[in-house]
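These are the residues of each chain, in order.
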Amino acid sequence: MATVTPTTVTRGGKGKVEVTWSGVVTGDTLVEHLVTRAPALVSLQASGTFAGGTSVGLQASNISASFADCVDAEGTAITGKTAGFLSTVGTPARGYKPKIASGSADSVTFTLVYWGEV
């Protein structure tokens, strides 16, 4: 099991931030991405190899110690089981990290994008 640290790219000043965790497999430890200010709009995309019942999601925390599952704009827990998964995030928080909830023989890249820091 590996520890996966995200890469962060800011485009257009503070207009758009892209955070990527690459090559994540079941059992990896994902490092949290902390936002500097609350973003106005957040989305999560997952792509790659989804095999062996792979299920992915997103977690958030305000204290960087315990994490809760994020919900989408309708209040449903964010979860995906297919490559190309994309969801809006309706959970404002200080930090975010994706998760692989189940599966095997997977390799997933997560991209968290947020805009309009306020």
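Everything here concerns the structure above.
Basis of the calculations
Residues numbered from 1 in each chain as written. Predicted model: local features only at pLDDT ≥ 70, side-chain atom pairs only at ≥ 80, totals over all residues. Heavy atoms only, no water. Helix = DSSP H or I, 4+ residues; strand = E, 2+ residues; numbered from the N terminus. Contact = heavy atoms within 4.5 Å. Areas by Shrake-Rupley, 256 points an atom, 1.4 Å probe, with all protein chains shown as cover. Lys, Arg positive; Asp, Glu negative; His and termini not counted. Charge placed at Lys NZ, Arg CZ, Asp CG, Glu CD. Phe/Tyr/Trp six-rings, centres within 6.5 Å; stacked < 30°, edge-to-face > 60°. Lys NZ or Arg CZ within 6 Å of the ring centre and 35° of its normal. Pairing = 2+ DSSP bridges. Axes fitted to C-alpha atoms, helices over the stretch in contact; angles between N-to-C directions. Salt bridge = Lys/Arg side-chain N within 4 Å of Asp/Glu carboxyl O. Buried < 20%, exposed > 50% of the residue type's maximum accessible area, 1.4 Å probe, protein only.

Q: Sorry if this is basic, but what is going on with the overall build of the chain here?
A: Tallying secondary structure elements over the chain gives zero helices and 12 strands in all. Its helices and strands taken in sequence order, the chain reads β-β-β-β-β-β-β-β-β-β-β-β from the N to the C terminus. In the chain, of all internal contacts separated by at least 6 residues, the share reaching a separation of at least 24 is 73%. Summed over its atoms, the accessible surface of the chain is roughly 5800 Å², and 55% of this surface lies on carbon and sulfur atoms. Each charge class in the chain was averaged separately, 8 positive and 8 negative side chains, and the resulting centres sit 6 Å apart.

Q: Which parts of the structure should I look at to understand the side chain of S87?
A: Structurally, the position occupied by S87 is in strand β10 (residues 85-89). Apart from residues lying up to four places away in sequence, S87 is in contact with S43, L44, D72 and I78.

Q: What am I meant to see in the packing of aromatic side chains here?
A: We describe a pair of aromatic rings using the distance from one ring centre to the other and the angle between the two ring planes. Taken as a whole and judged by the stated rule, the model has zero aromatic pairs. In this structure, K97 packs its charged tip against the face of F67, placed 4.2 Å from the ring centre.

Q: Looking at this structure, how should I read the environment of V113?
A: With respect to the helices and strands, the residue V113 is situated in strand β12 (residues 107-115). C-alpha of V113 to C-alpha of G103: the two residues are 10 residues apart in sequence and 24 Å apart in space. V113 has contacts with K16, V17, E18, L41, V42 and S43, leaving out every residue within four places of it along the chain.

Q: Mind showing me how you'd approach unusual backbone geometry here?
A: In most cases, non-glycine residues show a negative phi, while peptide bonds are predominantly trans. Non-glycine residue S64 carries a positive phi angle of around 60°. Of note, A105 is a non-glycine position whose phi angle comes to about 55°, a positive value. With respect to the helices and strands, A105 occurs in the loop between β11 (95-102) and β12.

Q: Even after reading the chapter, I still don't get the sheet that holds strand β2 (residues 7-11), so can you show me in this structure?
A: Within a sheet, each strand pairs with its neighbour through backbone hydrogen bonds, oriented either parallel or antiparallel. Taken together, the five strands give an open sheet; going across it, the order is β2-β3-β12-β6-β10, and neighbouring strands pair in antiparallel fashion. In this open sheet, the two strands that pair with only one neighbour each are β2 and β10. The average angle at which neighbouring strand axes cross in this sheet is 15°, direction not considered. Alignment of strand β3 (residues 16-24) against β12, held across seven bridges, turns out to be antiparallel. Of the residues in β12, the one forming a bridge with W21 is F110.

Q: What should I look at first to understand the pairing of β3 in this one?
A: Every regular strand shows the same layout, with side chains that alternate between the two sheet faces. As judged from the five bridges shared by β2 and β3, these two strands associate in the antiparallel manner. Across the sheet, T10 pairs through a bridge with V17, a residue of β3.

Q: Hey, could you run me through the pattern of salt bridges in this one?
A: Any two side chains of opposite charge can pair, so long as their charged atoms come close to each other. This structure, assessed with the given rule, holds three salt bridges. Between E18 and R11 there is a salt bridge, with its nearest N and O atoms 2.9 Å apart. Residue classification places E18 among the buried positions, given a relative accessible area of 17%. Taking relative accessible area as the criterion, R11 reaches 43% and is therefore assigned partly exposed. Among the salt bridges present, the one from K16 reaches E18, with a minimum N-O distance of 3.1 Å. Each of R11, K16 and E18 takes part in one network of salt bridges that share partners.

That's the geometry; what it means functionally is another story.
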